[in-house]
Structure formats: structure tokens, C-alpha cells
Amino acid sequence: MPPRVKSKRGENSSVEAKFYAGNYGAITRECVDAGASAPALQELPFVVGALAFSGRLEEARALFSSRTRRLTLPNDARVVAARFFLGVGYCRAGRLDDARREFLQNARLRRD
């Protein structure tokens, strides 16, 4: 986990903290819309989740696919978390077949 960065007001300004606070808009503005480079692997679940929970599912899927395509450890906890958040986003959008695919993929990795 990266060190948490505190703002001058003492608030935690990490991507993870913003995600769990529900501040998805700030994450997408900073990590996607501002033209930033691809998020680090430790931030991937939170950026994918923020996009998915903001209704930007196609962008979330594209980011997830592009960042995980060449990984040698597909069952890395951060990849599993990103896939889970993507699945939840699909559920929220009523795309249950897509959600099921994501959850089953995680379940298959668990068995391996």
C-alpha cells in the first residue's frame, strides 16, 4: 500500500480514502479526466470502481483490461478487487450477465 498523503487540513487524500468516502467524481477527475498516466496497480481497484460507480462502465472495463492484460498474477488481490467493483457497477446498471461473468471469474481464481 502506498503511504497515505495528508492534506493541510489533516484529511487523508489518497485515492483509496476518496473511494471509501464515496468521492468518485474527484477520483475520475484526477486520475482519468485530467489525462493522467495509467493508475498504479495499487490504485487500480479504486479508479476502476470510481468509474464503474459513476456509470462509466465501458471506461472502467477498458482500463481494467488494459492494465491487467499482461499481468503474471491474475489473482492478485488488487486485480480481484478491481474486478469485484466492476461487477458491482454492472449490478447497479442492471447488467446482470456482465456482473455474473466478473464474479465467476473471481470465484474461479479463488479455486486455483
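Above this text you will find the structure in question.
Residues numbered from 1 in each chain as written. Predicted model: local features only at pLDDT ≥ 70, side-chain atom pairs only at ≥ 80, totals over all residues. Heavy atoms only, no water.

1. Some points on the overall build of the chain
Then step 1. On a plain count of helices and strands, the chain comes out with six helices and zero strands.
Then step 2. For the chain, the sequential pattern of α-helices and β-strands runs α-α-α-α-α-α.
Then step 3. Across the 112 residues of the chain, 36% fall into the buried class.
Then step 4. Counted over contacts in the chain with a minimum sequence separation of 6, partners at least 24 positions apart contribute 50%.
Then step 5. Carbon and sulfur atoms make up 51% of the accessible area of the chain, which totals about 6800 Å². (Helix = DSSP H or I, 4+ residues; strand = E, 2+ residues; numbered from the N terminus. Buried < 20%, exposed > 50% of the residue type's maximum accessible area, 1.4 Å probe, protein only. Contact = heavy atoms within 4.5 Å. Areas by Shrake-Rupley, 256 points an atom, 1.4 Å probe, with all protein chains shown as cover.)

2. Examining the packing of helix H3 (residues 44-53) against helix H5 (residues 77-92)
Then step 1. Relative orientation of the contacting elements H3 and H5 amounts to 5 degrees, with a least axis distance of 8 Å. Viewed along their axes, H3 and H5 adopt a mutual orientation that is roughly parallel. For the pair H3 and H5, the contacting residues are Leu 44, Pro 45, Phe 46, Val 48, Gly 49, Ala 52 and Phe 53 in the first and Arg 78, Ala 81, Ala 82, Phe 85, Leu 86, Val 88, Gly 89 and Arg 92 in the second.
Then step 2. Broken down by class, the residue content of the contact of H3 with H5 amounts to 11 nonpolar, two polar and two charged. (Axes fitted to C-alpha atoms, helices over the stretch in contact; angles between N-to-C directions. Parallel < 35°, antiparallel > 145°, perpendicular 65-115°, else oblique. Nonpolar A, V, L, I, M, F, W, Y, C, P; charged D, E, K, R; others polar.)

3. Topic: the packing of aromatic side chains
Then step 1. Applying the stated rule across the entire model yields 10 aromatic pairs.
Then step 2. Centre to centre, the rings of Tyr 20 and Phe 46 are 5.7 Å apart; their planes meet at 70 degrees, and the pair counts as edge-to-face. Within this pair, whereas Tyr 20 is found in helix H1 (residues 15-20), its partner Phe 46 is found in helix H3, the two being separated by 26 residues in sequence.
Then step 3. Given a relative accessible area of 55%, Tyr 20 falls into the exposed group.
Then step 4. On the basis of an interplanar angle of 80 degrees and a centroid distance of 6.0 Å, the ring pair of Phe 53 and Phe 85 is categorised as edge-to-face. Linking Phe 53 in helix H3 with Phe 85 in helix H5, this pair joins segments that are 32 residues apart in sequence. A single burial state applies to Phe 53 and to Phe 85, both of which are buried.
Then step 5. Linked through ring pairs, Phe 19, Tyr 20, Tyr 24, Phe 46, Phe 53, Phe 84, Phe 85 and Phe 103 together constitute an aromatic cluster.
Then step 6. Its end group placed over the ring of Phe 53, Arg 92 keeps NZ or CZ at 4.8 Å from the ring centre. (Phe/Tyr/Trp six-rings, centres within 6.5 Å; stacked < 30°, edge-to-face > 60°. Lys NZ or Arg CZ within 6 Å of the ring centre and 35° of its normal.)

4. Regarding the environment of Asp 33
Then step 1. Here Asp 33 lies in helix H2 (residues 24-33).
Then step 2. Among residues more than four places away in sequence, those in contact with Asp 33 are Thr 28 and Arg 56.
Then step 3. One polar contact links Asp 33 to Arg 56, side chain to side chain, over a distance of 2.7 Å. (Polar contact = N/O pair within 3.5 Å; in protein donor to acceptor, adjacent residues only side chain to side chain.)

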